[in-house]
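Descriptive structure summary
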Amino acid sequence: MNKRIKRALFALGQRISPQLLTFFLILIIGGITLFIRPIIGVADNGDYFRIMSSNDLYHLPIEEDEKILGYFNKDYGIYEYYNESETLLISTQSFFIKLALGINQIFYSNKIFDIRFLGGLLLFVHSIAGYLLVKVFTSYLKKERLKYLISLLYVVIFCDTGYISYFNSFYGEGVVVPTFLLSIGIILYIIRFNKINLLNLILFSCIVFLFFGAKQQLAPIGILIAILILRVAFSTKDKIIRAGSIALSIIFVVSALFFYKSIKGDFDYINRFHAMNRGVLLHENDPEKILKYFGIEGSYSLLEGEIFYEETPSISPYDERLLENFYNKYSIGSIIKYYTTHPSALKKVLDMGFSKAYEIRPEAMGNFEKIEGKEFGAKSNFFVLWSSLKKFIMPKGLLFAIVYSGVYFIYSFKRYKKAFNNKDKKSILIEDCFIYVYLAGLSQIFTSVIGAGDADLSKHVFLFNLTFDLMLINFIIQMINNSERKLTKDE
């Protein structure tokens, strides 16, 4: 019997490629996480209403402790008639929600939305991303067993419940994970396998637009995307591809400005409240002096450390006095100016940002439905090896980030130099893609701590986690590839 099992497994290994194995493993592990009891998701922290109100959804009548933070809910009501709620959030996340709603209404109900339809849709996109990325990564390797090892490593990292659980939620992170990975998979595939043409660049642009439009804090990445598209297109001499890339780049720059300008109303007040009270003023010895720099009365130093949603605030964040004498005195621009002229203050907030930069799972929100009988805010321990290792083993703070960046750029420079000397345009473009990945993640550290202090930090720096993990796999691939080359030379 054992021999038969071994033969069957060997035969399976001969038939299924590493990328196809990745595809199916993601669907299987993700399916268990999202669909089989105990169903895993991420509880609402109070942000759901923004995207729900824009998509004709509402919380069903449930106990208040089931609605916020502690417990995940899979069922939501669908408005039957006119939805009087205004559009509170402009996000490409709505594309996936509306698509999932349509599928839900065809196969399940016109009145109740089961969030697993959204989770399944995002999981499928995630599995396609895994297929493409593993296909690209393993194309550098010669030994079959190493290819399957990379496949398993990819699954361990990106099928971690810290990532997958967001698919069963209304957080933008649920869209960010699969669309970002898929966009990188597409652009790397295009370059690696000589598929640079206008149609493929448009496909990449569509997917990457869904990614960077999912959360307003990702708006600055639109500029990086525009540069990357131009860089790839202008590696060819095709005038049509070049002209098309210019048009696509303009669209991304304009879109970046549009998404940034859409941050207004409550969003603007919440972000600036936290940027000052949970960022600039936090852990400072003389907050009155700092407020004076911004032309704000010293008495407002009492707000130091407060969050916008405080149950018993010292003053309501909507108080007219704050609107006139606090919010109107500063902007994100003036905060950036403050940090650039006060390096110690910048170091402080960057330390805060990087201290949470390797934690995938937010502490505050639970993963289980209340019917499972788990305690309030309980976390799932299913398939969390990678997120647990990162949380408890990964060094924290700015120093490690500097070391990590230094090591990366030393090796990147060596690869650039070698590719340039060999006139290897393909390798240069691949390296450009990973510089984009690095800068996209790094931008979120700066955007988060400068724009909102340490409020909800592990969620705000989420993309840095994603980019770090992707670059880690690439680094491992490069090391294995170098070792294989050395062995080949020695032989």
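Here the structure is shown first, and the text comes after it.
Attention in this report is confined to the structure presented alongside it. (Residues numbered from 1 in each chain as written. Predicted model: local features only at pLDDT ≥ 70, side-chain atom pairs only at ≥ 80, totals over all residues. Heavy atoms only, no water.)

Remarks on the overall build of the chain
Threshold: Runs of H or I in DSSP of at least four residues are treated as helices and runs of E of at least two as strands, each being numbered from the N terminus. Atoms counted for the radius of gyration: C-alpha only. Globule rule: 2.2 Å times residue count to the power 0.38. Per-residue accessibility, obtained with a 1.4 Å probe over protein chains only, is compared with the maximum for each type, and a residue is labelled buried under 20%, exposed over 50%, and partly exposed between these values. Only the protein chains shown count as cover for residues, and the accessible areas themselves come from Shrake-Rupley with a 1.4 Å probe. Charge convention: Lys and Arg are scored as positive, Asp and Glu as negative, and His as well as the terminal groups of each chain are ignored. The location of each charge is read from NZ of Lys, CZ of Arg, CG of Asp or CD of Glu.
Of regular secondary structure, the chain possesses 22 helices and 3 strands. Scaling as 2.2 N^0.38, a compact globule of 491 residues should have a C-alpha radius of gyration of about 23 Å, and the chain matches this with 24 Å. Here the C-alpha coordinates of the chain stretch approximately 75 × 55 × 45 Å along the principal axes. Burial status across the chain gives 52% buried among its 491 residues. Summed over all atoms, the accessible surface of the chain reaches about 23100 Å², with 62% contributed by carbon and sulfur. On the chain, the mean spot of the 54 positive side-chain charges and the mean spot of the 44 negative ones are 16 Å from each other.

Brief notes about helix α10 (residues 198-212)
Note the threshold: What a helix should span is 1.5 Å times the count of its residues minus one. Here a polar contact means two N or O atoms within 3.5 Å. Within protein one must be a hydrogen donor candidate and the other an acceptor candidate, and residues neighboring in sequence count only if both atoms are side-chain atoms.
In a regular helix each residue adds 1.5 Å, so 15 residues correspond to 21 Å; α10 covers 21 Å between its end C-alpha atoms and thus fits that length. For α10, the complete set of buried residues consists of L201, F204, S205, I207, V208, L210, F211 and F212. Structurally, the start of α10 carries an N-cap: the backbone nitrogen of L199 is 3.2 Å from a side-chain oxygen of N197.

Let's talk about the environment of N482
Mapped onto the elements, N482 comes out in helix α22 (residues 462-490). For N482, a relative accessible area of 30% translates into the label partly exposed. Sequence spacing of N482 and L141 is 341 residues, and the spatial spacing of their C-alpha atoms is 9.7 Å.

Describing the packing of helix α9 (residues 173-192) against helix α20 (residues 425-452)
In plain terms, the rule: Helix axes are fitted only over the stretch in contact, all axes being lines through C-alpha atoms; the angle between N-to-C directions runs from 0 to 180 degrees. An angle below 35 degrees is read as roughly parallel, one above 145 as roughly antiparallel, one from 65 to 115 as roughly perpendicular, and any other as oblique. Whether a crossing is left-handed or right-handed is set by the direction in which the near helix is turned from the far one by less than a right angle, anticlockwise for left-handed and clockwise for right-handed. Two residues qualify as a contact provided that any one of their heavy atoms is within 4.5 Å of a heavy atom in the partner residue. Here the term charged refers only to Asp, Glu, Lys and Arg, the term nonpolar to Ala, Val, Leu, Ile, Met, Phe, Trp, Tyr, Cys and Pro, and the term polar to all other amino acids, Gly among them.
Their axes nearest at 9 Å, the elements α9 and α20 cross at an angle of 165°. Taken as axis vectors, α9 and α20 run roughly antiparallel relative to one another. Our pair here, α9 against α20, has a crossing hand that is right-handed. From α9, F180, I184, I187, L188, I191 and R192 reach across to α20, where they touch K426, L429, I430, C433, F434, Y436 and V437. A class-by-class count of the residues in the contact of α9 with α20 yields 11 nonpolar, no polar and 2 charged.

A look at the layout of surface pockets
Our working rule: Cavity: a set of points on a 1 Å grid over the protein atoms alone where a 1.4 Å probe fits but cannot get out. Pocket: an open set with protein on both sides within 12 Å along at least five of seven lines, its lining residues, like those of a cavity, having an atom within 4 Å of a point. Grid points are joined across faces, edges and corners, and a volume is the space filled by probe spheres set on the points.
Of the voids in this model, the second largest pocket is the one considered here, and its volume is about 520 Å³. What lines the second largest pocket is a set of 18 residues, among which R415, K418, Q478, N482 and R485 lie closest to the centre. Contributions of two or more residues to the lining of the second largest pocket are made by α19 (398-421), α20 and α22. Across the lining of the second largest pocket, the residue classes tally to 5 nonpolar, 5 polar and 8 charged.

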